[in-house]
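# Breakdown of the fold
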Amino acid sequence: MPTMADVARSAGVSVATVSHVLNGTRPVLPHTRQAVLDAVDELGYTPNTLARSLVTSRTRSIGLAVSAISNPYFTEILQGVEAGALEHGYSLLIADPHDDPDHECKVVQLLHERRVDGMIVAPSADPRELVSYLGRHRVPTVFLDRVIDGVIEGAVGGEVGGEVEASADGPQRFDQVCAENTGPTARLVTHLAGLGHRRIGLVAGLPGLSTTAERITGYRQGLTAARLPYDDDLVVHGDSESAGAERATATLLSRAAPPTALVTANNAMTIGTLRALRDRGLSVPDDLALCCFDDFAWADLFSPRLTAIAQPSREIGAQAVRVLLERLAAPDRPARTVRLDCTFVHRTSCGCSDSGERGRSSQSSQRSQRSQSSQPPQPPQPSQFEKGSVS
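Residues numbered from 1 in each chain as written. Predicted model: local features only at pLDDT ≥ 70, side-chain atom pairs only at ≥ 80, totals over all residues. Heavy atoms only, no water.

Attention now moves to the nonpolar core. Counting residues in hydrophobic clusters, the biggest one holds 50 residues, and the most contacted among them are Ile-120, Leu-192, Ile-200, Tyr-219 and Ile-316. If one sorts the elements of this core by residue count, helix H12 (residues 313-329) sits on top with 7 residues. Setting aside residues up to four positions removed in sequence, Ile-316 forms contacts with Tyr-73, Ile-77, Leu-144, Val-177, Cys-178, Ala-179, Gln-311 and Leu-340. Within the second largest apolar cluster, 19 residues are counted, among which are Val-203, Ala-245, Cys-292 and Phe-296. (Core = buried A, V, L, I, M, F, W, Y, C linked by side-chain atoms within 4.5 Å. Buried < 20%, exposed > 50% of the residue type's maximum accessible area, 1.4 Å probe, protein only. Helix = DSSP H or I, 4+ residues; strand = E, 2+ residues; numbered from the N terminus. Contact = heavy atoms within 4.5 Å.)

Moving on to helix H3 (residues 30-43). For H3, built from 14 residues, the straight-helix expectation of 20 Å at 1.5 Å per residue is met to within 8% by its first-to-last C-alpha distance of 20 Å. Every buried residue of H3 is listed here: Thr-32, Val-36, Ala-39 and Val-40. Buried residues of H3, seen end-on, are gathered within an arc of 100 degrees and therefore sit on one face of the element. For H3, the exposed residues lying more than 90 degrees away from the buried face are Pro-30, His-31, Asp-41 and Glu-42. Each element contacted by the buried residues of H3 is listed here: helix H1 (4-11) and helix H2 (15-23). (Expected span 1.5 Å × (residues − 1). Arc of directions from axis to C-beta.)

This part covers the packing of aromatic side chains. The full count for this structure, using the stated rule, is 3 aromatic pairs. Here the aromatic rings of Tyr-219 and Tyr-230 are separated by 6.3 Å at their centres, their planes lie at 75 degrees, and the arrangement is edge-to-face. Of this pair, Tyr-219 sits in helix H9 (residues 210-225) while Tyr-230 is found in the loop between H9 and strand S8 (235-237), placing the two residues 11 residues apart along the sequence. Judged by relative accessible area, which is 0%, Tyr-219 ranks as buried. Under the relative-accessibility criterion, Tyr-230 is labelled partly exposed at 29%. Seen from the ring of Phe-344, Arg-187 lies directly overhead, with NZ or CZ sitting 4.1 Å from the centre. A cation over a ring is seen here: Arg-220 above Tyr-230, with NZ or CZ 3.7 Å from the ring centre. (Phe/Tyr/Trp six-rings, centres within 6.5 Å; stacked < 30°, edge-to-face > 60°. Lys NZ or Arg CZ within 6 Å of the ring centre and 35° of its normal.)

Counting buried residues in strand S6 (residues 175-179) gives 5 out of 5 residues, a clear majority hidden from the surface. Residues Asp-175, Val-177 and Ala-179 of S6 are buried on one face, and the alternating residues Gln-176 and Cys-178, pointing to the opposite face, are buried as well. Both strand S4 (residues 141-144) and S6 contribute to a ladder of 3 bridges, which runs parallel. Bridge pairing links Leu-144 to Val-177 in S6. Summarising the sheet, S6 and strand S12 (residues 336-340) pair through 4 bridges and their orientation is parallel. Each residue of the ladder has a partner; that of Val-177, found in S12, is Val-338. (Pairing = 2+ DSSP bridges.)

Written out as structure tokens, the structure is:
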């Protein structure tokens, strides 16, 4: 196997010059650089990354810990992380914490022991041990998709859809990259209210996750904007997975006064909800209107086509890499939270026609109107929830 000394001998330069060319550590004359690259190509030289890491104390690797890698949402995030890492010459080590706090700590420790330069982690519903470990070992980390309670207390008042800086005081704080959740969820609720629905249910995610809490907040904000009352009986937890959502939807449908429309809080739960409706012989949107948080590749192939909130999954992953590399370059800069905008994708599962015109086209919304003694309130304009959150 050729060595760096062999490359230097072939190119007629010093070993130090070869090192500078390959690592980009110092400007080299163009003809000299080309001579080195030609020698590398001719000899088939491959840099020894292990030896390089011993010298630089950097492995040029990033640890990624995300649960449910089979979930299309996280798969797209992974693609964004991988593309961003490769663009900057970093390799990726991947582990699945299974949304289990104990397993989460084990896989993060294993990644740390592999001497990754930094980590990107989608934390579990109870990340206290994780945060303690990362803080104790001063591991450069970006939290992905879910924010950590208490970490962004100093970020109150920042604008949605941009970046907000957290206070540098107190315990170590971490950079975070996620989508906006509250406004887009409210948009789904007000859209359904605008179609005449007054009993709008929510299949929420796993308790303890920030995404779950924020989407419940958005649901309540949407009800308030539509002047509809909040009813605990219309909110169930599908625990962010398909089987849980199937059970939760069955619970909703068994209520004395079931909902006429549903919002599901992620793509896996949308599948579970559709299964529960199918098992009961219910049709979307004729019997029950449906909107979902998370768009996915085949949402447009369902019949009816799913009205959804699309998250910028790949951009979330790519942005997490950029934020982590900035942290590695400037370890002492203030931590920040980056929230990316979502998109409202208007299709037909909500009861609208293929033309996208708003109207009470489904039987479910018509039944909702007949079941009320008073006329439905005037819905808010969608623009209420568009600025900084929905494009």
